Amino acid sequence: RFLKFMKAKKESSAGRVPMRYDAYGRPLREKKKGRGKAVFRFFFFFLFPYLIINGAILYLALSRPTVSTDDPDTSDYKSASIRIRLHSLLPIKNVKATLEGEPVELKQDGEDYIASLSDNGNLNIRAESINWMSDSVNVQVSLLDRTGPVIDKDSVDIGSGYVEFQVSDTQSGVSFDSIYGVDSDGDNVKPIDVNKESGVVTMPMKAESITVYLSDQAGNQSTGKFSLS
């Protein structure tokens, strides 16, 4: 009967996988499963959050603001304004502008800044965020009119009782209504004819010489002297 019992026990356990235990009596299979869960918890609850958080901190630490501007704009060629746009993930600590090294006043307009200019030159704009990272741009300003109209010497034609010449101004344009002359007799004279499209001006010239005064739309004045001799 004992032999039959041992034989039956052997047959019942023949289809099972033998169980192995560690020093504490725990099945090794369960130990492997527990180890896999520990690895999963390490990656999911420690390593991944660590990488994400430190990556975000590094990204913010190296985040740089960007500065962009519109083209300078003027209504009278005497002064100009330029709109400055700032883009930054972090708050901006300061914004500065200089024209040829001289400070330029900035006025905030919503999220933008406006720089008012009274002269031509190189405008440098620099913005710095709270992480000390900065960006700067340079804008060449040349639209302000600082020179008077030009008389084309090759166009001058002195005839009997008149002088004709061509004037031009590439920025604000010639103020043709401002043109007048003073001749050598001391008389003030106005143009006989003005062609605004071609810029040709005809002045009376009854004396030996005449000095012509002309201005542009920005108020810059030029002179030209014409003589019979």
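Coordinates for the structure precede this section.
Residues numbered from 1 in each chain as written. Predicted model: local features only at pLDDT ≥ 70, side-chain atom pairs only at ≥ 80, totals over all residues. Heavy atoms only, no water.

1. Considerations on the sheet that holds strand 5 (residues 106-109)
Basically, it comes down to this: Pairing between two strands is assigned when DSSP locates at least 2 bridges connecting them. Secondary structure elements follow DSSP: runs of H or I no shorter than four residues count as helices, runs of E no shorter than two count as strands, and numbering proceeds from the N terminus. Note on method: axes are straight lines fitted to C-alpha atoms, helices fitted across the in-contact stretch only, with angles between N-to-C directions ranging 0 to 180 degrees.
Pairing is antiparallel in the open sheet, where four strands are placed in the order 1-2-6-5. Each end of this open sheet is capped by a strand with a single partner; those strands are strand 1 (66-69) and strand 5. Between one strand axis and the next, the sheet turns through 30° on average, direction left out of account. Pairing of strand 1 with strand 2 (residues 80-87) involves four bridges; the strand directions are antiparallel. Paired with Val67 across the bridge in strand 2 is Leu86.

2. A few points about the environment of Gln217
The condition that has to hold: Relative accessibility thresholds used throughout: buried, under 20% of the residue-type maximum; exposed, over 50%; partly exposed, between the two (1.4 Å probe, protein chains only). We call two residues in contact whenever any of their non-hydrogen atoms come within 4.5 Å of each other.
Structurally, the position occupied by Gln217 is in the loop between strand 15 (209-216) and strand 16 (221-227). Note on Gln217: relative accessible area 48%, which makes it partly exposed. Sequence separation of Gln217 and Gly173 is 44 residues, and the distance between their C-alpha atoms is 5.7 Å. Setting aside residues up to four positions removed in sequence, Gln217 forms contacts with Ser172, Gly173, Val174 and Ser175.

3. Re the nonpolar core
We apply this condition: For the purposes of this section, nonpolar cores are sets of buried Ala, Val, Leu, Ile, Met, Phe, Trp, Tyr and Cys residues that join through side-chain atoms within 4.5 Å.
Core analysis: the largest hydrophobic core is formed by 17 residues, its most contacted members being Val67, Ile84, Leu86, Val104, Leu123 and Ile125. Within the residue set of this core, elements represented by two or more residues are strand 2, strand 3 (92-99), strand 6 (112-117), strand 7 (121-129) and strand 8 (134-141). In this view, Ile125 contacts Val67, Thr69, Ile84, Val95, Lys96, Ala97, Asp135, Ser136 and Val137; residues no more than four positions away in its chain are not counted. Ranked by size, the runner-up nonpolar core spans 15 residues in total, among them Val174, Phe176, Val189 and Ile210.

4. Remarks on the sheet that holds strand 4 (residues 102-103)
Ordered by their spatial adjacency, four strands build an open sheet running 4-3-7-8, and the pairing between neighbours is antiparallel. Since the sheet does not close on itself, it has two edges, and those belong to strand 4 and strand 8, each with one partner. Pairing between strand 7 and strand 8: eight bridges, direction antiparallel. Each residue of the ladder has a partner; that of Arg126, found in strand 8, is Ser136.

5. Describing the packing of aromatic side chains
Put simply, the test is: Here a Phe, Tyr or Trp ring, Trp counted by its six-membered ring, pairs with any other such ring whose centre lies within 6.5 Å, and the pair is stacked when the planes are under 30 degrees apart, edge-to-face when over 60, and tilted otherwise.
According to the stated counting rule, one finds two aromatic pairs in the structure shown. Here the aromatic rings of Phe165 and Phe226 are separated by 5.0 Å at their centres, their planes lie at 15°, and the arrangement is stacked. Placement of Phe165 in strand 10 (residues 162-168) and of Phe226 in strand 16 is noted, with a sequence separation of 61 residues between them. Classification of Phe165 by relative accessible area gives buried; the value is 1%. Residue class for Phe226 comes out buried when judged on its relative accessible area of 7%. The interplanar angle of 15° and the centroid separation of 5.0 Å between the aromatic rings of Tyr180 and Tyr213 together place this pair among those described as stacked. Of this pair, Tyr180 sits in strand 11 (residues 174-183) while Tyr213 is found in strand 15, placing the two residues 33 residues apart along the sequence.

6. Details of the pattern of salt bridges
This is how the line gets drawn: One side-chain nitrogen of Lys or Arg within 4 Å of one carboxyl oxygen of Asp or Glu is enough to make a salt bridge.
Summed over the entire model, instances satisfying the criterion amount to six salt bridges. The partner of Arg83 in a salt bridge is Asp112, with the nearest N and O atoms 3.2 Å apart. Of this pair, Arg83 sits in strand 2 while Asp112 sits in strand 6, placing them 29 residues apart in sequence. Judged by relative accessible area, Arg83 falls into the partly exposed class, the value being 24%. For Asp112, a relative accessible area of 14% puts it in the buried group. Residues Arg146 and Asp119 are paired through a salt bridge, measuring 3.7 Å at the closest nitrogen-oxygen approach.

7. Side note on the environment of Ser81
Tracing the chain through its elements places Ser81 in strand 2. We classify Ser81 as partly exposed; its relative accessible area is 29%.

8. Remarks on the side chain of Ser222
Put simply, the test is: Here a polar contact is recorded for every N or O atom pair within 3.5 Å, except that within protein the pair must consist of a potential hydrogen donor and a potential acceptor, and residues adjacent in sequence are included only if both atoms are side-chain atoms.
Residue position: Ser222 is located in strand 16. Ser222 sits in the buried class, given a relative accessible area of 15%. From its side chain, Ser222 meets the backbone oxygen of Pro149 in a polar contact 2.7 Å long. The residues touching Ser222, leaving out its near neighbours within four places in the chain, are Gly148, Pro149, Val212, Tyr213 and Leu214.

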